[in-house]
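Each chain, written out:
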Amino acid sequence: MSDRRTFLKGVGASAVGGLSLLSAGTASAAAPPADEYIAADPSNYSDDYRGAADIDWVVVHITDGTWGSAVNWFQDSRADVSAHYVVRNSDGYTAQMVDEQDVAWHAGGFNSNAIGIEHEWHDGQNGISDAAYAASADIVDHVASAYDVPKQYFTDPCAAANASGGIVGHTNAPKYGDCGNTSYKSCPQPAWDWGRYMEFVDGSAGDGGSGGDDGGSGGSYAWEYFSNGDQGEDVYTIQYLLEQQGYDLQYHDGIYGSEVEGAIESFQSASGLAVDGVVGPNTWDALVVTVAGPNDDPWWATYAAQHSLRYGHGYSIAVDGYYGSETEGAIESFQSGAGLAVDGIVGPNTWQALVDLT
Ligand SMILES: [Zn+2]
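Below, the structure is looked at part by part. (Residues numbered from 1 in each chain as written. Predicted model: local features only at pLDDT ≥ 70, side-chain atom pairs only at ≥ 80, totals over all residues. Heavy atoms only, no water.)

1. Points about empty space enclosed by the protein
For step 1, the next point in the chain: For the coordinates displayed, the defined rule picks out two cavities of 30 Å³ or more.
For step 2, the next point in the chain: Taken together, Ala 107, Gly 108, Phe 110, His 170, Ala 173, Lys 175, Thr 182 and Ser 183 make up the lining of the second largest cavity.
For step 3, the next point in the chain: Tallied by class, the residues present in the lining of the second largest cavity amount to three nonpolar, four polar and one charged. (1 Å grid on protein atoms, 1.4 Å probe; cavity = no way out; pocket = protein on both sides within 12 Å on 5 of 7 lines; lining within 4 Å. Points joined across faces, edges and corners; volume = space filled by probe spheres on them. Nonpolar A, V, L, I, M, F, W, Y, C, P; charged D, E, K, R; others polar.)

2. Some details on the layout of surface pockets
For step 1, the next point in the chain: Estimates place the volume of the largest pocket at around 1,200 Å³.
For step 2, the next point in the chain: As for the largest pocket, its lining consists of 47 residues, and the residues nearest its centre are His 170, Tyr 184, Lys 185, Tyr 225 and Asp 230.
For step 3, the next point in the chain: Counting only elements with at least two residues in the lining of the largest pocket, the list comes to strand 3 (57–62), helix 3 (67–74), helix 7 (233–244) and helix 9 (281–287).
For step 4, the next point in the chain: Looking at the lining of the largest pocket, the element that brings in the most residues is helix 3, giving four residues.
For step 5, the next point in the chain: Looking at side-chain class alone, the lining of the largest pocket contains 16 nonpolar, 21 polar and ten charged residues.
For step 6, the next point in the chain: Taken domain by domain, the lining of the largest pocket gets at least three of its residues from each of domain 1 (24–201) and domain 2 (233–356).
For step 7, the next point in the chain: Put simply, the second largest pocket is a space of about 190 Å³.
For step 8, the next point in the chain: Taken together, 15 residues make up the lining of the second largest pocket; nearest its centre are Trp 57, Phe 110, Asn 113, Pro 174 and Gly 177.
For step 9, the next point in the chain: Residues of the lining of the second largest pocket, tallied by class, amount to seven nonpolar, seven polar and one charged. (Helix = DSSP H or I, 4+ residues; strand = E, 2+ residues; numbered from the N terminus. Domains from an automatic or database assignment.)

3. What to know about the coordination of the zinc ion
For step 1, the next point in the chain: Here the zinc ion is held by the protein donor atoms His 61 (ND1), His 170 (ND1) and Cys 187 (SG), which lie 2.1 to 2.4 Å from it.
For step 2, the next point in the chain: Counting along the primary sequence, the residues that act as donors to the zinc ion give the motif H-x108-H-x16-C. One end of the pair, His 61, is in strand 3; the other, Cys 187, is in the loop between strand 9 (166–169) and helix 6 (194–201), with 126 residues separating them in the sequence.
For step 3, the next point in the chain: A residue is classified by how much of its surface remains accessible, and Cys 187, at 11% relative accessible area, is buried. (Donors = N, O, S within 2.8 Å, 3.2 Å for Na, K, Ca; no water. Buried < 20%, exposed > 50% of the residue type's maximum accessible area, 1.4 Å probe, protein only.)

4. Details of the pattern of salt bridges
For step 1, the next point in the chain: Considering all chains together, one arrives at five salt bridges under this definition.
For step 2, the next point in the chain: Of the charged contacts in the structure, one is a salt bridge between Asp 76 and Arg 78, with a shortest N-O distance of 2.6 Å.
For step 3, the next point in the chain: Overall, the relative accessible area of 18% leaves Asp 76 in the buried class.
For step 4, the next point in the chain: Of the charged contacts, one joins Arg 196 and Asp 130 as a salt bridge, the two residues approaching to 2.7 Å between their closest N and O atoms. Pair noted here: Arg 196 is in helix 6 and Asp 130 is in helix 4 (residues 130–147), with a separation of 66 residues, a long-range link.
For step 5, the next point in the chain: The partly exposed category is assigned to Arg 196, whose relative accessible area is 24%.
For step 6, the next point in the chain: Salt bridges sharing partners connect three or more residues here, namely Asp 130, Arg 196 and Glu 199. (Salt bridge = Lys/Arg side-chain N within 4 Å of Asp/Glu carboxyl O.)

5. Section: the pairing of strand 7 (residues 114–119)
For step 1, the next point in the chain: The element strand 7 is largely enclosed, with a buried count of six among its six residues.
For step 2, the next point in the chain: Taking every second residue as pointing to the same face, both faces of strand 7 are buried, with Ala 114, Gly 116 and Glu 118 on one and Ile 115, Ile 117 and His 119 on the other.
For step 3, the next point in the chain: Pairing of strand 3 with strand 7 involves six bridges; the strand directions are parallel. By the bridge assignment, His 61 is partnered in strand 7 with Glu 118.
For step 4, the next point in the chain: In this sheet, strand 7 lies alongside strand 4 (residues 85–87) in parallel orientation, the contact comprising three bridges. Each bridged residue has a counterpart across the sheet, and for Tyr 85 the counterpart in strand 7 is Ile 117. (Pairing = 2+ DSSP bridges.)

6. Section: the pairing of strand 3
For step 1, the next point in the chain: Across the six residues that make up strand 3, a large majority, six, are buried.
For step 2, the next point in the chain: Side-chain alternation along strand 3 places Trp 57, Val 59 and His 61 on one buried face and Val 58, Val 60 and Ile 62 on a second face that is also buried.
For step 3, the next point in the chain: Here strand 3 runs beside strand 9; their pairing, made up of four bridges, is parallel. Residue pairing in the sheet places Val 59 in a bridge with Val 168 of strand 9.

Rendered as structure tokens:
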């Protein structure tokens, strides 16, 4: 499936229209609203060479993790997701990662006419800072003038489905124009304040932009959400932890498919959780098993931690399910780097950091 994309990349900028003069392929410079261009992996978006008439919407998202982890993930060929822009919460610093004429993958069923903006937010942060709202509003201003997108927002997917364009949150984006078909995700809630955001978009926020220093402290991590269709190192973690919980899986392949979804639903039901097949904070809390050291023997959980340390975090250790000094050293090194208590024990906080930082 990458053949067509590869071919189109090979055609080069000479074959495409005026937009490419601003930003062509991987050699792109950041568009005016961004501080830096950090190219997403080419397998995480579609080469599309959209024209101005094709771009009608801005979709706003929250990362549910750090700015750095989102930027890293979009550069990872396993991600299969991306966004055009990622805005940092502490200061509004913005990376552009996908050219605007290409289709980033951030809101399934709604991407082809949209520009996606990810805003850093995770549990423990009070909300979106004024600095981030201001930076995001700058992007909207640019998109509105470049592509004639109206500066109006929608929280009703049916109103959005009937509109010619505007700004919509991920949760309310009507898939394929069908307002009965939206994402199950709550993104960009609980962080998003439409009233405050639109003050910046409308230019009525006064001086604003003073910046909100409301988080980002070391050692504060959040559980990311995973569901059918997701891939990557954290899905291996889910698969191995399901094995630890007694679910016998056929596949350990880092792909969240129907087998993982079915096992998660069984686990949720058995654990008294809402059964939705989505691994969110409550399911993670129930799923993780503490790896306490050589005298404790959760084999699959140890294997999961080793696999994450090796393939998600770059520690060249054996992945064998046995806790020895090599595993202990890697855990302690990871904990130190992540700002966690260094005790060699993979408990809930260390599990959360292992997942959040991949
Ligand atoms: Zn989203």
